[in-house]
Amino acid sequence: MGNRTPLYASHVAAGAKIVDFAGWDMPIHYGSQLNEHHAVRADAGMFDVSHMLAIDLEGVESTGWLRALLANDVRKLGLPGKALYSCMLREDGGVIDDLIVYFLSPTRFRIVVNAGTAAKDLQWMQDHAAGSDLRLTPRRDLAMIAVQGPRARDRCWDAFPASRSATQALAPFQGTETGGWFVARTGYTGEDGFELTLPAEEAAGAWQALAAAGVRPCGLGARDTLRLEAGMNLYGQDMDETVSPLESGLAWTVDLRDPDRRFVGRRALESAAPARELVGLVLEDKGVLRAHQRIFTDRGPGETTSGSYAPTLERSIAFARVPAGCRPGETVQVEIRDKRLTARVVRPPFARHGKALV
Amino acid sequence: MNIPAELKYARTHEWARVEADGTVTVGITDHAQEALGDIVFLELPDVGRRVKAGEECAVVESVKAASDIYAPVGGEIVAANLDAVDAPETVNQDAYATWLFRIRPDEASALDGLLDAAGYARVAEEA
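Overview of the structure. Nothing here was measured: the structure is a model prediction, and the numbers come from that model.

Each value, and the rule that gives it
- Residues numbered from 1 in each chain as written.
- Chains lettered and ligands numbered in written order.
- Predicted model: local features only at pLDDT ≥ 70, side-chain atom pairs only at ≥ 80, totals over all residues.
- Helix = DSSP H or I, 4+ residues; strand = E, 2+ residues; numbered from the N terminus.
- Rg over C-alpha atoms; globule rule 2.2 N^0.38 Å.
- Buried ≥ 20, exposed ≤ 12 C-beta atoms within 10 Å, placed from the backbone.
- Pairing = 2+ DSSP bridges.
- Contact = placed C-beta atoms within 7 Å.
- Axes fitted to C-alpha atoms, helices over the stretch in contact; angles between N-to-C directions.
- Nonpolar A, V, L, I, M, F, W, Y, C, P; charged D, E, K, R; others polar.
- Core = buried A, V, L, I, M, F, W, Y, C linked by C-beta atoms within 7 Å.

Focus on the overall build of chain A
Part 1 of the argument: Each helix and strand counted, chain A has nine helices and 21 strands in total.
Part 2 of the argument: What you see for chain A is a C-alpha radius of gyration of 20 Å, in line with the 21 Å of a compact globule of 358 residues.
Part 3 of the argument: The C-alpha extent of chain A, read off along each of the three principal axes, is 55 × 50 × 40 Å.
Part 4 of the argument: Here chain A, with 358 residues, has 49% of them falling under the buried criterion.

Below you can see the structure in the form of structure tokens.
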């Protein structure tokens, strides 16, 4: 038996097929991954993401410490509740994890990290906080529910009318504390929606209320196809400690503007131009792209890192790490079993807000 | 579990039916389609190809993963269901109505090595 979130019993009661994910017993789907995917693109779906870990950071040195720890710059977070996506790097530029950091006050932040890397991340943070007055508190007492889709916010307000006034004006990537919950307009699907962070003991009731308001339970299967279509990386698959964010399509998250900000990994990133890059692929021939298929380009070989049938596009898409210099529109060959098929290079995202972009 | 009594089964989750002309129609079981989830792509063998019993000869891909399909009997492929290729979701809808390919077996007794419904039910329960 793996770790179980506060919503495990709710998943089983809803007929979920449970699989192991990074040591957690999680729902992969509740009957049809495709229908769950389409529900999020067309209406509203919800995901239990309580396996991810919220870590609260407190202390007067918090801002300076995060500016040295993360590749993105928390100084751009001006408003309380504002969120920032960043990588946390090793000295050699390898990606330890990707995470979201919420600015709550100049002395208080919340960092949300991946389930599979949570123990490693916390250790890394504690090592780098040694000797300081900073307090790092892992919050396994909290549950997290991502409600996603064009009607997600409306259905949240139907389920929790009292939350409406505090959350109606939230801009994208902005959160707020209300009634003991943290509600943020963030997600991992390319759709509008909220991510709710709430006390574990309130999770099952909230899940039930959302279901009653018409929000469809969705498993990790749909979460994966939605994030891939949305052009969002998955840690451990599209990047890990052996590659830099610059080789992972994440240059936009590396903030080099302040020359005095010497964050961990910066020297390595600045020492050499990346030899590889992560691109999007759309399969032109029939078939399905999967992770770890070989790619052949004019400049040398590469490999897919994530690939799937894309339900919104009704064709197959992938991320691939290839020699730097690929141009959108050019074609590459993909080895699938005994065949070489043609795929077109595109700039992700593949889909956003219910619409195909490629 | 939906396992029709009149069909024969391979341990690798294919069903087989002997037709009046002696050819063998092959598909995947309801248990197999359930385990695979939403099916989005089929790669079927070319007509005329010779296959051995147990040889990989087709691929069924769901949103989740690709799965090899094995020839339950040896012989020559005489038909492939191109309607199913155009609408792979019909395998999920009715795995026994949606056949994948037909084999003309080398030996009439070729199906003797396959399981009956009760035997396959035990295999599927263990899976």
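A look at the pairing of strand E4 (residues 39–43) of chain B
Residues and elements named next belong to chain B.
Part 1 of the argument: Across the five residues of E4, four count as buried, placing the element largely inside the fold.
Part 2 of the argument: In this sheet, strand E6 (residues 56–62) lies alongside E4 in antiparallel orientation, the contact comprising four bridges. Bridge pairing in E6 links isoleucine 39 to serine 62.

Topic: the environment of Leu269(A)
Residues and elements named next belong to chain A.
Part 1 of the argument: Within the secondary structure, leucine 269 is located in helix H9 (residues 266–271).
Part 2 of the argument: The spacing of leucine 269 and histidine 51 is 218 residues in sequence and 31 Å in space, taken between C-alpha atoms.
Part 3 of the argument: Apart from the residues lying within four places of it in its own chain, the contact partners of leucine 269 are Gly93, Ser244, Leu246 and Val254.

Comments concerning the sheet that holds strand E5 (residues 83–89) of chain A
Residue and element names in this part refer to chain A.
Part 1 of the argument: Strands sit in the order E5-E6-E7-E4-E8 across an open sheet of five strands; the sheet is antiparallel. The strands lining the two open edges of the sheet, one partner per strand, are E5 and strand E8 (135–138). Across this sheet, the average inter-strand angle for adjacent strands is 30°, counted without regard to direction.
Part 2 of the argument: In this fold helix H3 (residues 62–69) packs onto strand E4 (53–58), E5, strand E6 (95–105) and strand E7 (108–113), with an angle of close to 30° to the strand it touches most, E7.
Part 3 of the argument: Along the sheet, helix H4 (residues 118–129) makes contact with E4, E5, E6, E7 and E8, crossing E8 at roughly 170°.

Comments concerning the interface of chain B and chain A
Part 1 of the argument: Contacts between the two partners involve eight residues from chain B and, on the opposite side, twelve residues from chain A.
Part 2 of the argument: Tallied by class, the residues present in the side of chain B that touches chain A amount to four nonpolar, one polar and three charged.

Regarding the nonpolar core
Part 1 of the argument: Ranked by internal contacts, the top residues of the largest apolar core, which has 133 residues, are Val101(A), Ile145(A), Val147(A), Leu196(A), Leu281(A) and Leu100(B).
Part 2 of the argument: Filtering out sequence-adjacent residues up to four positions away, Leu100(B) remains in contact with Val26(B), Gly27(B), Leu42(B), Leu44(B), Ala58(B), Ile69(B), Asn81(B) and Ala84(B).

Quick word on the sheet that holds strand E9 (residues 142–148) of chain A
All names here are of chain A.
Part 1 of the argument: Here we have six strands laid out as an open sheet, ordered E10-E11-E12-E9-E3-E13, and mixed in their pairing. Each end of this open sheet is capped by a strand with a single partner; those strands are strand E10 (175–178) and strand E13 (216–217).
Part 2 of the argument: The sheet contact formed by E9 and strand E12 (residues 193–199) spans seven bridges and is antiparallel. Paired with alanine 143 across the strands is leucine 198, a residue of E12.

Re unusual backbone geometry
Residue and element names in this part refer to chain A.
Part 1 of the argument: The omega torsion across proline 348 and proline 349 is 5°, close enough to zero to call that bond cis.
Part 2 of the argument: Checked against the element boundaries, proline 349 lands in the loop between strand E19 (339–346) and strand E20 (351–352).
Part 3 of the argument: Positive phi values are uncommon outside glycine, yet histidine 353 reaches one of about 50°.
Part 4 of the argument: In this fold, histidine 353 is placed in the loop between E20 and strand E21 (355–356).

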